[in-house]
Amino acid sequence: MRRALLPLACGLLIAGVAALLWTLYDAPSEPGTSVTLATTTSTENSGLLRYLLKPWSKETGIDVRVIAVGTGKALALAGRGDADLLLVHARQREDAFVEQGHGIDRRDVMWNDFVIVGPDADPAGIRGMQDAAKAFARIAQAGAAFISRGDDSGTHIREQAVWKRAGVAPDGRDFYHKAGQGMGPCLTMASQRDAYVLTDRGTYLAMQANQALTELVEGDAALRNPYGAILVNPEKHPHVEIDAARKLLDFLTSPEGQARIGAFRKGGEVLFHPHRSGS
């Protein structure tokens, strides 16, 4: 299985590099008219970023350059001063980033939740369960294929916490496959391999029509998935575009930005809930 996944993973890596370089506008910008946003693959794969930022860029004249990677990589990029603003989902890592002096003015932006999806045949028999840890334990017991992000993303961090709560150490076991890819490619791999995968609901709903996957486990309070935005500290990295970044942060957390987040839907379903909605 691992050998079979290698060509696919290579192709997906190339696609991932292309996604990494995605920008809303290709033309170079003058200083102060652009902002680099380091964020997660879920915000890009779902289509949320284009929906939110293209109109904002047109209105303000500020070009938004997006680097879409896992949360761990996004934090590392911002920590080196290679981004102006973060939009990520791993609260403990976010708090540590601020405490270490790399970031300022962290704000809650939105939330969705994680769900476990897999083949409709459901060989591990987890359909309808609401305890993610028990579902993971059942997948391991059945030896059913599971695709892991394996990329230090917010999703991967949460997945590891669920395995720990389940009392299962999956690394090295035959059923467990680390993709080292974003959420979209992992959903595709799981669909092709009749495997289970932990995904944020937003990306799953955005890609559902193109995948042979079924939502099997939801509703565990431990799977709530909040997103936060953080400005990169200009005292540590004087070159950052702090004014443009703050304007974008203000928009994301404003009544207008929050309303637009809540209005973004696929198939009539909300993919991300604005923080202002509360629950």
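This report concerns the structure included in the present document. Residue numbering note: each chain is counted from 1, following its sequence as written. Per-residue local features of the predicted model are confined to residues with pLDDT of at least 70, and side-chain atom pairs are confined, for both listing and counting, to 80 or more; whole-chain, interface and lining totals are unaffected and use all residues. The basis for every side-chain value is the complete set of heavy atoms in the structure, and neither hydrogens nor water enter the calculation.

## Description of the overall build of the protein chain
Right, so step 1: The numbering of helices and of strands both runs from the N terminus, where a helix is a DSSP run of H or I of at least 4 residues and a strand a run of E of at least 2. On a plain count of helices and strands, the protein chain comes out with 11 helices and 12 strands.
Right, so step 2: Accessible area is worked out with a 1.4 Å probe on protein chains only. A residue is then buried under 20% of its type maximum, exposed over 50%, and partly exposed in between. Per-residue burial for the protein chain yields a buried fraction of 53% across its 279 residues.
Right, so step 3: Throughout, a contact is declared for two residues whenever any of their heavy atoms are within 4.5 Å. Considering only contacts in the protein chain between residues 6 or more positions apart, those separated by 24 or more positions represent 76%.
Right, so step 4: Surface exposure here means Shrake-Rupley accessible area, sampled with a 1.4 Å probe, where a residue is shielded only by the protein chains that are shown. For the protein chain, the exposed surface amounts to about 12200 Å²; the carbon and sulfur share of it is 51%.

## As for the environment of Arg193
Right, so step 1: Following the sequence through the fold, Arg193 ends up in helix 8 (residues 183-193).
Right, so step 2: Among the residues examined, Arg193 registers a relative accessible area of 30% and is labelled partly exposed.

## Notes on the packing of helix 3 (residues 48-60) against helix 11 (residues 255-263)
Right, so step 1: An axis is simply a line fitted to the C-alpha atoms; with a helix, the fit covers only the stretch in contact. Between two such axes, the angle follows the N-to-C directions and lies from 0 to 180 degrees. Following both chains from N to C, one finds helix 3 and helix 11 inclined at 145°, their axes separated by 10 Å at the closest point. Note on packing geometry: the crossing formed by helix 3 with helix 11 is right-handed. Here Tyr51, Leu52, Pro55 and Glu59 of helix 3 come into contact with helix 11, specifically with Glu256, Gly257, Arg260, Ile261 and Ala263.
Right, so step 2: Residue type decides the class: Asp, Glu, Lys and Arg count as charged, Ala, Val, Leu, Ile, Met, Phe, Trp, Tyr, Cys and Pro as nonpolar, and the leftover types, Gly among them, as polar. Among the residues forming the contact of helix 3 with helix 11, the class breakdown is five nonpolar, one polar and three charged. Crossings are sorted by hand: turned counterclockwise from the far helix by less than a right angle, the near helix makes the crossing left-handed, and turned clockwise it makes it right-handed.

## Observations concerning the pattern of salt bridges
Right, so step 1: What makes a salt bridge here is a side-chain nitrogen of Lys or Arg within 4 Å of a carboxyl oxygen of Asp or Glu, nothing more. Summed over all chains, the structure comprises 18 salt bridges.
Right, so step 2: Note that Arg91 and Asp108 form a salt bridge whose closest N and O atoms lie 3.7 Å from each other. Of the two residues, Arg91 is situated in helix 5 (residues 91-99) and Asp108 in strand 4 (residues 103-118); the sequence distance between them amounts to 17 residues.
Right, so step 3: Judged by relative accessible area, which is 30%, Asp108 ranks as partly exposed.
Right, so step 4: Where Asp220 meets Arg165, a salt bridge forms, and the shortest distance between an N and an O atom there is 3.3 Å. With Asp220 in the loop between strand 8 (214-217) and strand 9 (224-232) and Arg165 in helix 7 (residues 154-166), this pair connects stretches of sequence that are 55 residues apart.
Right, so step 5: Assessed through its relative accessible area of 14%, Asp220 is described here as buried.
Right, so step 6: Under the relative-accessibility criterion, Arg165 is labelled partly exposed at 43%.

## Points about the side chain of Thr203
Right, so step 1: With respect to the element layout, Thr203 can be found in helix 9 (residues 201-207).
Right, so step 2: Look past the residues within four positions of Thr203 in its chain and what remains in contact with it is Ser42, Asn45, Ser46, Met183, Gly184 and Leu187.

## Quick look at helix 7
Right, so step 1: For helix 7, spanning 13 residues, the distance from its first C-alpha to its last is 19 Å, which sits close to the expected 18 Å at 1.5 Å a residue.
Right, so step 2: All buried positions along helix 7 are accounted for by Gly154, Thr155, His156, Arg158, Glu159, Val162 and Trp163.
Right, so step 3: Of the residues one or two after helix 7, Gly167 is the one with positive phi, at around 75°. Take the number of residues in a helix, subtract one, and multiply by 1.5 Å to get its expected span.

## Considering the packing of aromatic side chains
Right, so step 1: We call Phe, Tyr and Trp rings a pair once their centres come within 6.5 Å, taking the six-membered ring for Trp, and we label the pair stacked below 30 degrees between planes, edge-to-face above 60, and tilted otherwise. Within this structure, the stated rule accounts for 10 aromatic pairs.
Right, so step 2: With a centroid separation of 6.0 Å and 15° between ring planes, the pair formed by Phe146 and Tyr176 is classed as stacked. With a gap of 30 residues between them, Phe146 in strand 5 (residues 146-148) and Tyr176 in strand 6 (residues 176-178) connect regions that are remote in the sequence.
Right, so step 3: Cluster of aromatic residues (ring-pair linked, three or more members): Phe136, Phe146, Trp163, Phe175 and Tyr176.
Right, so step 4: Distance and angle both matter: a charge sits over a ring if NZ of Lys or CZ of Arg is within 6 Å of the ring centre and within 35 degrees of the ring normal. The residue whose ring lies beneath Arg224 is Trp111, and the NZ or CZ to ring-centre distance is 4.0 Å.

## Things to note about the environment of Leu49
Right, so step 1: Tracing the backbone shows Leu49 in helix 3.
Right, so step 2: Judged by relative accessible area, Leu49 falls into the buried class, the value being 2%.
Right, so step 3: Each C-alpha atom of the pair Leu49 and Val66 lies 8.7 Å from the other, and the pair is 17 residues apart in sequence.

## A short note on the side chain of Ser153
Right, so step 1: As for its placement among the helices and strands, Ser153 is situated in the loop between strand 5 and helix 7.
Right, so step 2: A relative accessible area of 1% means that Ser153 is categorised as buried.
Right, so step 3: Of the polar contacts made by the side chain of Ser153, one reaches the backbone nitrogen of His156; its length is 3.1 Å.
Right, so step 4: With residues near it in sequence (within four places) discarded, Ser153 still touches Gly70, Thr71 and Gly72. Pairs of N or O atoms are called polar contacts if they sit within 3.5 Å, as long as, within protein, a hydrogen donor faces a hydrogen acceptor (for residues adjacent in sequence, only side-chain-to-side-chain pairs).

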